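Understanding the architecture of this molecule
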Amino acid sequence: MTHRKPYVGGNWKMNTDGASGAELATAVAVALETEHSVDIAVFPPFPYLAGIGTLLRDRGSTVLLGAQDVSDQPGGAFTGEVSAAMLLDCGVKTVLVGHSERRHVIGEPDALLNAKAKAALAGGLDVVLCIGETLDQREAGETDEINERQARAGLAGIPAADMPRVTIAYEPVWAIGTGKTATPDDAQNAHAQIRRVLADLYTPEVAGAVRIQYGGSVKPANAAELFSCPDIDGGLIGGASLKATDFAAICHAAAAAPAL
Ligand code: 13P
């Protein structure tokens, strides 16, 4: 079976300011300077990307710079939008597409998210495609169906050759920012099902190499148990990524998870 290097992302959402963002990025870079067995990314708000990109580069940090969103358009008259090329210019390596807050709060549909994923890949960025069910959908027994639909729609037309640059983040909406975490068994079942969908869409080899992160109230206290599940390859962290010591502890837990 393919070895998948764990991958942990810190999604800062609409938090920090210039000074506290720089402080947080510095603290994360220092705390994780010698942690080489995990891929680590931080996703600061747009206005701070260039500054934090410079800061990480000047420190020689291996922490990757990520953006929380990207336009599906390459440029032009799209007020307020930010293109993949602009992000790349700021040192961004990867971008979140389809975070539940963009799907459910801002109302972005699957077709737009697919276009964003393609634009990011075409522009030279990696993609973290976020999927996951709402509480109503979980209670109606639709978890796997929703994940399958969002994965198929988000990846439509993306060739296998691009899949090494794609990560899936499974984030059950009801577990985001609520303190409720999916049980390791529930999360593992959802991840295994998502991997089966990837195998069907591509090949078992491609599916075996794609990293699937878990997101939703991950903290130092529950990270090790979640990351020990065979199909959970790290996490996408919200609240706990705003504290460097917690985020570093979560990254170390991913490093310590049994090798796949
Ligand atoms: P919390 O870790 O705050 O639940 O947020 C998860 C998330 O949405 C990461 O993208």
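Our subject is the structure listed above.
Note that the structure is predicted; figures quoted are calculated from it, not measured. Sequence order as written defines residue numbering, which begins from 1 separately in each chain. Per-residue local features of the predicted model are confined to residues with pLDDT of at least 70, and side-chain atom pairs are confined, for both listing and counting, to 80 or more; whole-chain, interface and lining totals are unaffected and use all residues. Hydrogens and water are ignored here; the side-chain numbers use all heavy atoms of the structure.

1. Some points on the overall build of the protein chain
Elements are defined by DSSP. Helices are runs of H or I of four residues or more, strands are runs of E of two residues or more, and each kind is numbered from the N terminus. A tally of helices and strands in the protein chain yields 11 helices and 8 strands. Each radius of gyration reported is based on C-alpha atoms, and the globular scaling rule is 2.2 Å times the count of residues to the power 0.38. On C-alpha atoms alone, the protein chain measures out to a radius of gyration of 17 Å, which is about the 18 Å that the 2.2 N^0.38 rule sets for 260 residues. In terms of overall dimensions, the protein chain has C-alpha extents of about 45 × 45 × 35 Å along its principal axes. Buried residues in the protein chain amount to 51% of all 260 residues. By definition in these notes, contact holds between two residues if any of their heavy atoms fall within 4.5 Å. A fraction of 75% describes how many contacts in the protein chain between residues 6 or more apart in sequence connect residues 24 or more apart. Working definition: with a 1.4 Å probe on protein chains only, accessible area under 20% of the residue-type maximum means buried, over 50% means exposed, and in between means partly exposed.

2. Let's talk about the site of the ligand
Whether a residue is near a molecule or strand depends on its heavy atoms: it is near if one of them lies within 4 Å of it. In the vicinity of the ligand, 13 residues are found, and the nearest of them are Lys-13, His-99, Gly-177, Ser-217 and Gly-239. By the criterion applied in these results, polar contacts are pairs of N or O atoms within 3.5 Å in which, for protein atoms, one can donate a hydrogen and the other can accept it, and in which residues neighboring in sequence qualify only through two side-chain atoms. In the model, an oxygen atom of the ligand is placed 3.1 Å from a nitrogen or oxygen of the Asn-11 side chain. A distance of 2.9 Å separates an oxygen atom of the ligand from a polar atom in the backbone of Gly-238. Classification used: nonpolar for Ala, Val, Leu, Ile, Met, Phe, Trp, Tyr, Cys and Pro, charged for Asp, Glu, Lys and Arg, polar for all others including Gly. Tallied by class, the residues present in the shell around the ligand amount to 4 nonpolar, 7 polar and 2 charged.

3. Observations concerning the pairing of strand β2 (residues 39-43)
Within β2, 4 of the 5 residues are buried, which leaves it mostly tucked inside the rest of the structure. As paired elements, strand β1 (residues 7-11) and β2 share 5 bridges and run parallel to each other. When the bridges of β2 are listed, Asn-11 appears paired with Phe-43. Here, the term right-handed applies to a crossover whose path from the first strand over the helix to the second runs clockwise when the strands point away from the viewer. Remark: the β1/helix α1 (residues 18-31)/β2 crossover connection has right-handed handedness. Read as a crossover between parallel neighbours, the route from β2 over helix α2 (residues 49-59) to strand β3 (residues 64-67) is right-handed. Whether two strands pair depends on DSSP finding at least two bridges between them.

4. Examining the pattern of salt bridges
What counts as a salt bridge is simple: a side-chain nitrogen of Lys or Arg found within 4 Å of a carboxyl oxygen of Asp or Glu. The full count for this structure, using the stated rule, is 18 salt bridges. A salt bridge links Lys-5 to Asp-39; its shortest N-O distance comes to 3.1 Å. One end of the pair, Lys-5, is in the segment before β1; the other, Asp-39, is in strand β2, and 34 residues separate them in sequence. Between Arg-165 and Asp-162 there is a salt bridge, with the nearest N and O atoms lying 3.6 Å from each other. Relative accessible area serves as the criterion here: at 21%, Asp-162 is assigned to the partly exposed category. Sharing partners across several salt bridges, the network here consists of Arg-4, Arg-195, Asp-231 and Asp-233.

5. A word on the sheet that holds β2
Taken together, the 8 strands give a closed barrel; going around it, the order is β1-β2-β3-β4-β5-β6-β7-β8, and neighbouring strands pair in parallel fashion. Within the sheet, the average angular offset between the axes of one strand and its neighbour, ignoring direction, is 25°. Judged from the 5 bridges that link them, strand β5 (residues 126-131) and strand β6 (residues 166-170) form a sheet pairing that is parallel. Following the sheet pairing, Val-127 is matched in β6 by Val-166. Contacts from helix α5 (residues 110-122) reach β4 (94-97), β5 and β6, with the element oriented near 175° to β4. With axes taken as lines fitted to C-alpha atoms, and helix axes fitted only over the stretch in contact, angles between N-to-C directions fall between 0 and 180 degrees. Of the strands in this sheet, β1, β2 and β8 (234-237) are in contact with helix α11 (residues 244-256), which crosses β1 at around 160°.

6. Brief notes about α11
A helix is expected to span 1.5 Å for every residue after the first. Compared with an ideal rise of 1.5 Å per residue, which puts 13 residues at 18 Å, α11 spans 18 Å between its outermost C-alpha atoms and is within 8% of the ideal. Of the positions making up α11, those classed as buried are Ala-244, Phe-247, Ala-248, Ile-250, Cys-251, Ala-253 and Ala-254. Residues of α11 that are buried sit in contact with β1, α1, β2, α10 (220-227) and β8.

7. Points about the nonpolar core
We call a set of buried Ala, Val, Leu, Ile, Met, Phe, Trp, Tyr and Cys residues a nonpolar core when their side-chain atoms join them within 4.5 Å. Formed by 68 residues in total, the largest nonpolar core has its most connected members in Val-95, Leu-155, Met-163, Ile-168, Tyr-214, Phe-227 and Phe-247. Among the elements that line this core, the one with the most residues is α11, at 7 residues. The residues contacting Phe-247, other than those within four sequence positions of it, are Val-8, Gly-9, Gly-10, Val-28, Leu-32, Ile-40, Ala-41, Val-42, Ile-237, Ala-240 and Ser-241.

8. Here's the deal with helix α7 (residues 143-155)
Between its terminal C-alpha atoms α7 stretches 18 Å, which fits the 18 Å expected from 13 residues at 1.5 Å a residue. Packing partners of the buried residues in α7 comprise α4 (100-105), α5, β5, α6 (135-139), β6 and α8 (184-201). Trailing α7 by a residue or two, Gly-157 shows a phi angle of about 80°, which is positive.

9. Regarding the packing of α1 against α11
Interaxial distance between α1 and α11 falls to 9 Å at its minimum, and their mutual angle equals 35°. Taken as a pair, α1 and α11 cross one another with a handedness that is right-handed. For the pair α1 and α11, contact is made by Leu-24, Ala-27, Val-28 and Ala-31 and by Ala-244, Phe-247, Ala-248 and His-252, respectively. Classifying every residue of the contact of α1 with α11 by side-chain character gives 7 nonpolar, 1 polar and no charged. Here is the rule for handedness: rotate from the far helix to the near one, and if that takes an anticlockwise turn smaller than a right angle the crossing is left-handed, while a clockwise turn gives right-handed.

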